Amino acid sequence: DLEQNMKYVPSGHFSDKLIRHIRFGYPTAMIRDIWFEIDEEGAPYFVASVYDNTIGLFGGTDIVGSIVVNPVSGDMNYYKVEDVPEWVDIVYDGDLLCEQYDYYGKLRNGYWNSKFSAEGCKVTTSDYGYIAMDNDIWVYTGVTSVNSDASNIGFMLMNERTKESKFYTIAGADEYSAMTAAQGEVQQYGYVASFPSLINVDGNATYIMVLKDSGGLVNMYAAVNAEQYNMVT
């Protein structure tokens, strides 16, 4: 338990409202998102991602730093992205990471190529999940060709604190095909699959997901081979 209550919170009033408190300290900072986090000693903090537009007035959004706020005392510190404390999990949100990869994947061979032949153009799939690894949170998403149907050409792991990114070449089904395959195995129950996570099972890339009933209760778990999505357990 905290010795003192948190004073500066999103639901606060007047000067106790978190975003207003941040504005008083950093009036020109452009805030993208605010996350609640806990440091290694269990102390609570709010972490606000500060962004800038690197292309013109509104394009090329990127994170330039974070404002870390102690909601009990109100103390605030601004950190550049390379100086953000290691206990902070989220500096770059998943939507921004996928957006930046999509720009890279579509434009890496030139703007006109992306508009006409689209040769070599790649994008992330329409959703993403999370993997905890090496004391950080990584966004996981499939990567598919812009001309593809329901298959992936690989997977991306993107670190939400450092933006470090890793691409793994693994051809196979996309996430929604795997979800459909899992639901098909228990179609008599009408269960709905959650968006899957990606795990390694004896060297095989495998989607794992839960199957829920109409009331939202977890009834079963499903594992689907990413390369051969007719292999369902």
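In what follows, the structure referred to is the one given above.
All values derive from a computational prediction rather than experimental measurement.

A short note on helix α2 (residues 94-107)
- The first and last C-alpha atoms of α2 sit 20 Å apart over 14 residues, in line with the 20 Å expected at 1.5 Å per residue.
- Within α2 the residues assigned to the buried category are Gly-94, Leu-96, Leu-97, Cys-98, Gln-100, Tyr-101, Asp-102 and Gly-105.
- Of the surrounding elements, those touching the buried residues of α2 are β1 (31-38), β3 (59-69), β5 (122-124), β7 (136-145), β9 (154-159) and β10 (165-168).
- With a side-chain oxygen positioned 3.2 Å from the backbone nitrogen of Asp-95, the residue opening α2 is Asp-93.

Description of the pairing of strand β2 (residues 44-55)
- Across seven bridges, the pairing between β1 and β2 is antiparallel. Pairing of Ile-38 across the sheet is with Pro-44, part of β2.
- Adjacent in sequence and paired antiparallel, β1 and β2 are bridged by five residues, among which Gly-42 carries a positive phi angle near 85 degrees.
- Here β2 pairs with β3 via nine bridges, running antiparallel. The partner of Val-47 across the bridge, within β3, is Val-68.
- Hairpin remark: β2 followed by β3, antiparallel, with three residues in the connecting loop; positive phi at Gly-56, about 65 degrees.

Overview of the sheet that holds β1
- With respect to topology, four strands assemble into an open sheet ordered β1-β2-β3-β4, the strand pairing being antiparallel. Only two strands of the sheet have a single partner each, and these edge strands are β1 and β4 (76-80). For this sheet, the mean inter-axis angle between neighbouring strands, taken without regard to orientation, is 30 degrees.
- In the packing of helix α1 (residues 18-25) onto the sheet, contacts are made with β1, β2, β3 and β4, and the angle to β1 comes to roughly 110 degrees.
- Running over the sheet, α2 touches β1 and β3 and is turned about 155 degrees from β3.

Parameters and conventions
- Residues numbered from 1 in each chain as written.
- Predicted model: local features only at pLDDT ≥ 70, side-chain atom pairs only at ≥ 80, totals over all residues.
- Heavy atoms only, no water.
- Helix = DSSP H or I, 4+ residues; strand = E, 2+ residues; numbered from the N terminus.
- Expected span 1.5 Å × (residues − 1).
- Buried < 20%, exposed > 50% of the residue type's maximum accessible area, 1.4 Å probe, protein only.
- Contact = heavy atoms within 4.5 Å.
- Polar contact = N/O pair within 3.5 Å; in protein donor to acceptor, adjacent residues only side chain to side chain.
- Pairing = 2+ DSSP bridges.
- Axes fitted to C-alpha atoms, helices over the stretch in contact; angles between N-to-C directions.

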